[in-house]
Amino acid sequence: MAERRRGTPAPPTDTTVLDRDWTVNEIAGERYERTEFIDVDMADLANNGSTFSECVFRGVEFNTSTHTGAAFLNCTFTRCEFFDATFTDCKVVGSMFDGGSFDLLKVVGGDWSFVGMPGLDLRRASFKGVRMHDVDLTGARCQGAEFANVDLSEAWLHSADFTKADLRGSDLSGIDPTTVKLAGARIEPEQAITIALALGLRIG
């Protein structure tokens with residue numbers, strides 16, 4: 001898998017697409033394997049059900065693009081822009097995000113397990129109903145972000161900041177409230193019990 005926390009490097013590639021010469025506005029059901037995209041403009045791309053396996057994206061613009069039922073498997077994203085991009089029911093398993101911008105990113109449904117997102121600025125991003133099992137959010141800035149009904153079990157959250165974030169309905173069973181900032185976060189009563197137990201408090 002591409003995430004750096006286990007020391008695995010970015011996948012090797014066989015094909016390179018350079019400098020905005022990928023003039024495609026819509027793709028459906030296509031497959032791309034071991035392809036490196038460098039400084040490519042994918043803004044406004046409509047991606048329906050296409051699969052990218054072990055691909056590398058460097059400086060790619062995904063602004064206002066839409067991805068539905070697509071897959072990005074063991075991919076690496078370096079300094080990519082995701083302004084107002086939408087991922088619906090996508091599989092992004094094992095991929096790594098290294099820097100980039102994520103303002104107004106919207107993720108609805110799908111599987112983002114084993115994804116590396118350490119230190120990212122996700123303050124204006126939204127994740128709803130997403131499986132994020134074993135995701136790496138170490139040191140991520142998630143103040144005011146939305147992580148609603150998200151499976152965060154076994155997630156790496158050390159030093160992450162969820163101040164004033166919406167965490168309602170999410171699995172917080174693996175959270176350590178002594179290492180994560182949660183002030184002002186919105187949670188439900190059941191989640192409050194989970195956090196209290198994690199702090200060693202006795203209830204009742």
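Just above, that's the structure.
The rules behind the values
Residues numbered from 1 in each chain as written. Predicted model: local features only at pLDDT ≥ 70, side-chain atom pairs only at ≥ 80, totals over all residues. Heavy atoms only, no water. Pairing = 2+ DSSP bridges. Helix = DSSP H or I, 4+ residues; strand = E, 2+ residues; numbered from the N terminus. Axes fitted to C-alpha atoms, helices over the stretch in contact; angles between N-to-C directions. Disulfide = S-S within 2.5 Å. Buried < 20%, exposed > 50% of the residue type's maximum accessible area, 1.4 Å probe, protein only. Polar contact = N/O pair within 3.5 Å; in protein donor to acceptor, adjacent residues only side chain to side chain. Contact = heavy atoms within 4.5 Å. Patch = residues over 30% accessible without salt bridge, like charges linked within 9 Å, V, L, I, M, F, W, Y side chains within 5 Å. Areas by Shrake-Rupley, 256 points an atom, 1.4 Å probe, with all protein chains shown as cover. Salt bridge = Lys/Arg side-chain N within 4 Å of Asp/Glu carboxyl O. Core = buried A, V, L, I, M, F, W, Y, C linked by side-chain atoms within 4.5 Å. Phe/Tyr/Trp six-rings, centres within 6.5 Å; stacked < 30°, edge-to-face > 60°.

Draft legend 1. Up close: the sheet that holds strand β13 (residues 106-108). Taking strand neighbours across the sheet as the criterion, the seven strands line up as β2-β5-β8-β11-β13-β14-β15 in an open arrangement whose pairing is parallel. Either end of the sheet is taken by a strand with one partner, and the two such strands are β2 (26-28) and β15 (146-148). Direction aside, neighbouring strands of the sheet carry axes that sit 5° apart on average. As paired strands, β13 and strand β14 (residues 126-128) are joined by three bridges and run parallel to one another.

Draft legend 2. Just the state of the cysteines, in detail. Scanning the model with the defined rule gives zero disulfides in all. Not part of a disulfide, C75 finds its nearest cysteine sulfur in C55, a span of 4.8 Å. For C75, a relative accessible area of 0% translates into the label buried. You can see C80 has no disulfide; the closest cysteine sulfur is in C75, sitting 10 Å from it. Assessed through its relative accessible area of 1%, C80 is described here as buried.

Draft legend 3. Fine view of the side chain of D111. With respect to the helices, strands and loops of the structure, D111 is situated in the loop between β13 and β14. Of the polar contacts made by the side chain of D111, one reaches the side chain of S113; its length is 2.6 Å. Filtering out sequence-adjacent residues up to four positions away, D111 remains in contact with C90, K91, V92, V93 and R131.

Draft legend 4. Quick look at a nonpolar patch on the surface. On the surface, I193, L197 and I203 cluster together into a nonpolar patch covering about 290 Å² of accessible area. Within the secondary structure, I203 sits in the segment after α1 (189-198).

Draft legend 5. Looking closely at the nonpolar core. With 56 residues, the main nonpolar core has F37, F57, W112, M117, F127, F147 and F162 as its most contacted residues. Leave out the neighbours within four places in its chain, and F147 touches L122, F127, M132, L137, C142, F162, D166, L167, R168 and S170.

Draft legend 6. Quick peek at the sheet that holds strand β3 (residues 31-33). Strand order in this open sheet of three strands is β3-β6-β9, and the pairing throughout is parallel. Looking along the sheet, the strands with just one partner apiece sit at the ends: β3 and β9 (71-73). Averaged over all pairs of adjacent strands, the angle between their axes in this sheet comes to 5°, without regard to strand direction. Here strand β6 (residues 51-53) pairs with β9 via three bridges, running parallel. Within the sheet, the bridge partner assigned to S53 lies in β9 and is L73.

Draft legend 7. The packing of aromatic side chains, seen in detail. If you walk through the whole model with that rule in mind, you get 24 aromatic pairs. Where Y32 meets F37, the ring centres are 6.4 Å apart and the plane angle is 70°; that geometry is what we call edge-to-face. A single burial state applies to Y32 and to F37, both of which are buried. With centroids separated by 5.0 Å and ring planes inclined at 0°, the aromatic side chains of F52 and F72 adopt a geometry described as stacked. Of the two residues, F52 is situated in strand β6 and F72 in strand β9; the sequence distance between them amounts to 20 residues.

Draft legend 8. Region of the structure containing the pairing of strand β4 (residues 35-38). One ladder, built from four bridges, connects strand β1 (residues 15-18) with β4; its direction is parallel. Bridge pairing in β4 places T16 opposite E36.

Draft legend 9. Molecular detail of unusual backbone geometry. Positive phi, normally seen in glycine, also occurs at E54, with a value near 50°. Its location among the elements puts E54 in the loop between β6 and β7 (56-58). A positive phi angle, near 55°, is found at N74, a position not held by glycine. Residue N74 is classed as partly exposed on the basis of its relative accessible area of 24%.

Draft legend 10. Inspection of the environment of A85 at higher detail. For A85, the position within the fold is in the loop between β10 (76-78) and β11 (86-88). A relative accessible area of 0% means that A85 is categorised as buried. Note: C-alpha distance between A85 and A155 (70 residues apart in sequence) is 24 Å. The contact partners of A85, leaving out residues within four places of it in the chain, are F62, T64, S65, L104, L105 and K106.

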